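Inside the fold
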Amino acid sequence: MNNDDYMSFLIQRQNTIPLATVILAGDSTVFPFLKNWLDQLLPDGGFKSKHFSEAAFYYEMTYGRQTLIQFMQNHQSEINFPQNELLLALHEQANLTFVDISPFASLRQALSGSTKPFHVIAGEINLAYAENNSLPVFQLAGDVSRPLSVVLHECDLVEWEQKNLRLLRQLSEQILTNPIIWIGGNPGDPLFQQWRRLLAGNSDAFSQPQIVIPPNHTPPDYESLWSKDDVEFINNTPDVSVTTSRVLELIAKKKKTYHTTFDVDTLRKRPYKFLDYFSEADREFFFGRETKIKSLYANVTNFPMLLLYGPSGVGKTSLLRAGLQPKLSDNGIKSVYLTIGLSWQDLKRDLEQIRGEKVEHPLVLILDQAEEFFTRLAAEEREVAFNEIETLLAEFKDHVHIILSFREDFLGSFLGWSQIKLPVYVEHARLAPLNSHEARQAIERPAEKVGVKIEASVVDGILEELDDDGIMPSQLQIVCDRLYDQRDLANVIRTRHYENVGRASGVLHDYLQVALQRFKHEQQQNVQAILQALVTPEGWREQSSKHDLQEKTKLPFEKIEWLLTELVQSRLVRSMEQAGNQYFELAHDLLATNLLEWIDTGKQRALEIAQLLDITERYTGADAEISKDKLIQISAELNNPHLQLTPSQVTHGLHAALLYGIAASAWVKRGIDAGVDVWSLLEPMLSAIEADMRKHAVLGLAGVPGPRALNYLSVLMNDPSPSVRVVSHQTLYQIGTPDAKKFLDAS
């Protein structure tokens, strides 16, 4: 389960529905320490600002980031957080979601004595070790004791936002559906204002009830600064039990009368389908084919047989399932959707069942992917299948209407059969690619359904790049689905997002590689084996069971099960059930073609990279024969499953990676796979005099996350060099195991 999936699991678990969200903004007692220091350094009456974030920004610009962090660390122990007892009491007595936007890990400190299990979630932490039976605490602003990503002022938050968009979106779903308890914070502080906008989904105000427990020292205009929202104030009394009872009673009262208008279910739906087709359940997102739906409905209800054809990727299945079938249902006409499935026997059984029923009302029988009559059936089976269709039309010609949908390169075969064999008039219709108006509807209208706006320049750019005598819906869905994940917290897809993904051409060029990034290098060959097993030698999709795939790939059954689960989640593979058994197929015909191209390209690229490394390994000390540019080029291909390197080539690449500090952990992992003694290269650098050498070696430790690496990191977290200390914390975050977490917690 990856981090995003795990986050959704935590937020959506039905047995832990929270009463409210507690947001800890930190106590303002930290500000006087920093202001007093600045007052001593500045003439003319000292530092004028009243806000911590402005003081922090000024201090950093004047004395540097590391000096600011050091100042915060030195004074952290002097800061008293009087709300700790209240936080602990709230956690013990109610089911609440906790969000910490203070940079002092004070929430984690407050809950450390709790009898209820909890675990901390931060953007950099691998969540795989988190306990499923404990509640999450979202530590968003980092921690000054781990300075890598701590948020101390608005510039920090801008950078943090770009890295944590998905986390913020998912967390907003939780926050916007429950009352909020604010503890501490100053709404006049620009940093606090920006945090509020982000947590409110980039809105200026929250719509739900809010309780504010002010810090001990507040400015005179404190309450008026909250005037935009529905807020009630409760002071933190010396008797924590009294404050806790008042807060929970008020929240329970407000919870009963508050009904959210925030449609979480709609926002969780994806408006674009990537490689999948639109089904009846997706009809609200299916746009651009309104005219074709009307003409198709008229044809199928007026003629007993309709041949629907078009190129692969033109959207025939989506048109039938999300367009025609709902329209038939709206008009009281029953329809049955069929494919050949795993074998002709499945379809034969379905047709015989229809013939056995008394058909007295109009029935539309849809046979999709009908080219499989020719690609999967033997001549004898195909003859029997056509006879069944002929008999069905002859017996129920007044009530049964049949659609055969297939790729247009099979049109001649179907016309020859229908004109000779069928006792009825056969209409045929071609489904063409979308025109620019239809494509614009298919881009903009689904986004509008989930409250997303796409800048006009983005839409125009997509249409211009994809228009080649029409726009293929399959390509459009791949591009729009990728852009949907780039939207900002204002739910806008902007020109910079389109440029960042390489425009439409860039998305189509690398969508397969992007989807496969969830798999590690050592898994890539197995993934490729499974995907290839789902393609016939002729390049067609093929349905297979887990046992079929085990027979073809020779992989262990448990590994196949796990990889298939991941491939289905990546939407490259579709799972289906037939006759009580589970089968799998590639999500689209387009993928079968692109998969073969990707494999061929990968093989060629691997050959080029191997040639770059095929040099004598003559280096001494700092002399390396691989330039920095070439190392970057080679490192980009380390996950290429076709890249087979010798141990000497890997050793050469690893030495250069450690020298330059580029992809060090990836090269260490590759060295371990190749049987290279990576520690013979790492250990001398970990104890080197030069700080940069130690830092580069620390980066490599993420590739060998065992006790030996953790012992080194525990020492290097206290290295004299600030950069080595920062990278040591970063590497422990990256390792993310329970043991690594213990080292971090102890630091």
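The shown structure was predicted, so the numbers you read here are calculated from the model rather than taken from an experiment.

For the protein chain, the helix and strand inventory stands at 34 helices and 16 strands. Burial status across the protein chain gives 54% buried among its 747 residues. Carbon and sulfur atoms provide 49% of the accessible area of the protein chain, an area that totals close to 33200 Å².

Attention now moves to the sheet that holds strand S10 (residues 363-367). What the five strands build is an open sheet, ordered S9-S10-S11-S8-S12; its pairing is parallel. Each end of this open sheet is capped by a strand with a single partner; those strands are strand S9 (334-338) and strand S12 (426-430). Sheet twist, expressed as the mean angle between neighbouring strand axes with direction ignored, is 20°. Bridge analysis of S9 against S10 gives five bridges, and the strand direction is parallel. By the bridge assignment, serine 335 is partnered in S10 with valine 364. Lying on the sheet, helix H13 (residues 316-330) is in contact with strand S8 (305-310), S9, S10 and strand S11 (400-407); it crosses S11 at an angle near 160°. On top of the sheet, helix H16 (residues 379-395) reaches S8, S10 and S11; it is set at about 150° to S11, its chief contact.

The subject of this paragraph is helix H30 (residues 679-686). Considered for burial, the residues of H30 that qualify are Trp679, Leu681, Leu682, Met685 and Leu686. For H30, the buried positions fall inside an angular range of 160° around the axis, keeping them on one side. Packed against the buried residues of H30 are helix H28 (647-660), helix H29 (664-673), helix H31 (691-701) and helix H32 (707-716).

A separate point is the environment of lysine 520. Relative to the helices and strands, lysine 520 is located in the loop between helix H22 (503-515) and helix H23 (521-533). On the basis of relative accessibility, which here comes to 51%, the residue lysine 520 falls in the exposed class. Sequence separation between lysine 520 and proline 641 is 121 residues; the distance between their C-alpha atoms is 9.9 Å.

Within the largest apolar cluster, 76 residues are counted, with the highest numbers of intra-cluster contacts made by Leu324, Ile403, Ile462, Leu476, Leu567, Leu572 and Leu586. Among the elements that line this core, the one with the most residues is helix H20 (residues 473-484), at six residues. Sequence-distant contacts of isoleucine 462, that is, excluding residues within four places in its chain, are made with Ile443, Leu476, Val479, Leu483 and Tyr498. One finds Ile662, Val668, Leu713 and Leu744 within the second-largest nonpolar core, a separate group that totals 38 residues.

A positive phi angle, near 60°, is found at arginine 503, a position not held by glycine. Along the chain, the position of arginine 503 falls in helix H22. The class for arginine 503 is partly exposed, based on a relative accessible area of 28%. Backbone geometry at lysine 554 places phi at a positive 65°, although glycine is not the residue there. With respect to the helices, strands and loops of the structure, lysine 554 is situated in the loop between helix H24 (546-553) and helix H25 (557-569). Overall, lysine 554 belongs to the exposed group, its relative accessible area being 60%.

Another aspect to go through is the pattern of salt bridges. Evaluation of the coordinates by the stated rule reveals 23 salt bridges. In this structure, the salt-bridge partner of glutamate 465 is arginine 503, at a minimum N-O distance of 2.9 Å. Of this pair, glutamate 465 sits in helix H19 (residues 456-466) while arginine 503 sits in helix H22, placing them 38 residues apart in sequence. Its relative accessible area of 30% is what places glutamate 465 among the partly exposed residues. The shortest N-O distance in the salt bridge between arginine 541 and glutamate 585 comes to 3.7 Å. Highlighted residues: arginine 541 in the loop between H23 and H24 and glutamate 585 in strand S16 (residues 581-586), separated in sequence by 44 residues. Exposure remark for glutamate 585: the relative accessible area of 6% places this residue in the buried category.

Throughout the structure, instances matching the rule amount to eight aromatic pairs. Ring geometry for phenylalanine 274 against tyrosine 511: centres 6.0 Å apart, planes inclined by 80°, an arrangement best described as edge-to-face. With phenylalanine 274 in the loop between helix H11 (264-268) and helix H12 (290-302) and tyrosine 511 in helix H22, this pair connects stretches of sequence that are 237 residues apart. When sorted by exposure, phenylalanine 274 lands in the same class as tyrosine 511, which is buried. Pairing tryptophan 679 with tyrosine 712 gives two aromatic rings, centres 5.8 Å apart and planes at 20°, and the pair type is stacked. Placement of the pair is tryptophan 679 in helix H30 and tyrosine 712 in helix H32, with a sequence separation of 33 residues. On the accessibility criterion, tryptophan 679 (10% relative accessible area) is buried. For tyrosine 712, a relative accessible area of 26% corresponds to the partly exposed category. An aromatic cluster of at least three residues, connected via ring pairs, comprises Tyr309, Phe386, Phe406 and Phe414. Seen from the ring of tyrosine 297, lysine 327 lies directly overhead, with NZ or CZ sitting 5.2 Å from the centre.

This brings us to H25. Over its 13 residues, H25 runs 19 Å from end to end, which matches the ideal 18 Å to within 8%, given 1.5 Å per residue. What H25 keeps buried is the set Ile560, Leu563, Leu564, Glu566 and Leu567. The buried side chains of H25 occupy one side of the element, clustering within an arc of 165° when seen end-on.

Let us now look at the packing of helix H18 (residues 436-449) against H19. Contact geometry of H18 with H19 gives a least axis separation of 10 Å together with a crossing angle of 130°. In terms of axis orientation, H18 runs oblique to H19. Where H18 crosses over H19, the handedness of that crossing is right-handed. Residues Ser436, Ala439, Arg440, Ile443 and Glu444 of H18 lie in contact with H19, whose contacting residues are Val459, Asp460, Ile462 and Leu463. Within the contact of H18 with H19, the residues separate by chemical class into five nonpolar, one polar and three charged.

The subject of this paragraph is the confidence of the model for the protein chain. Counting all residues, the mean pLDDT for the protein chain is 79, and 80% of those residues have values of 70 or more. The low-confidence segment residues 1-16, where pLDDT is below 50, has 39 contacts with residues more than four positions distant or belonging to other chains. Contacts from residues 615-624, a stretch scored under 50 in pLDDT, to residues over four places away or in other chains number 18 contacts.

Let us look at the pairing of S10. Along S10, five of the five residues are buried, which leaves the element largely enclosed by surrounding structure. Taking every second residue as pointing to the same face, both faces of S10 are buried, with Leu363, Leu365 and Leu367 on one and Val364 and Ile366 on the other. Relative to S11, S10 is paired through five bridges, and the arrangement is parallel. Paired with valine 364 across the bridge in S11 is histidine 401.

What follows concerns the environment of glutamate 585. In sequence terms glutamate 585 and leucine 531 are 54 residues apart; their C-alpha atoms lie 8.8 Å from each other. Only 3.4 Å separates the side chain of glutamate 585 from the side chain of glutamine 543, close enough to count as a polar contact.

Okay, the environment of tryptophan 562 next. With respect to the element layout, tryptophan 562 can be found in helix H25. Its relative accessible area of 38% is what places tryptophan 562 among the partly exposed residues. Dropping the residues within four chain positions of it, tryptophan 562 is found in contact with Phe519 and Gln523.

Procedures and definitions
Residues numbered from 1 in each chain as written. Predicted model: local features only at pLDDT ≥ 70, side-chain atom pairs only at ≥ 80, totals over all residues. Heavy atoms only, no water. Helix = DSSP H or I, 4+ residues; strand = E, 2+ residues; numbered from the N terminus. Buried < 20%, exposed > 50% of the residue type's maximum accessible area, 1.4 Å probe, protein only. Areas by Shrake-Rupley, 256 points an atom, 1.4 Å probe, with all protein chains shown as cover. Pairing = 2+ DSSP bridges. Axes fitted to C-alpha atoms, helices over the stretch in contact; angles between N-to-C directions. Contact = heavy atoms within 4.5 Å. Arc of directions from axis to C-beta. Core = buried A, V, L, I, M, F, W, Y, C linked by side-chain atoms within 4.5 Å. Salt bridge = Lys/Arg side-chain N within 4 Å of Asp/Glu carboxyl O. Phe/Tyr/Trp six-rings, centres within 6.5 Å; stacked < 30°, edge-to-face > 60°. Lys NZ or Arg CZ within 6 Å of the ring centre and 35° of its normal. Expected span 1.5 Å × (residues − 1). Parallel < 35°, antiparallel > 145°, perpendicular 65-115°, else oblique. Left-handed = near helix turned anticlockwise from the far one by under 90°. Nonpolar A, V, L, I, M, F, W, Y, C, P; charged D, E, K, R; others polar. pLDDT = per-residue confidence, 0-100. Polar contact = N/O pair within 3.5 Å; in protein donor to acceptor, adjacent residues only side chain to side chain.

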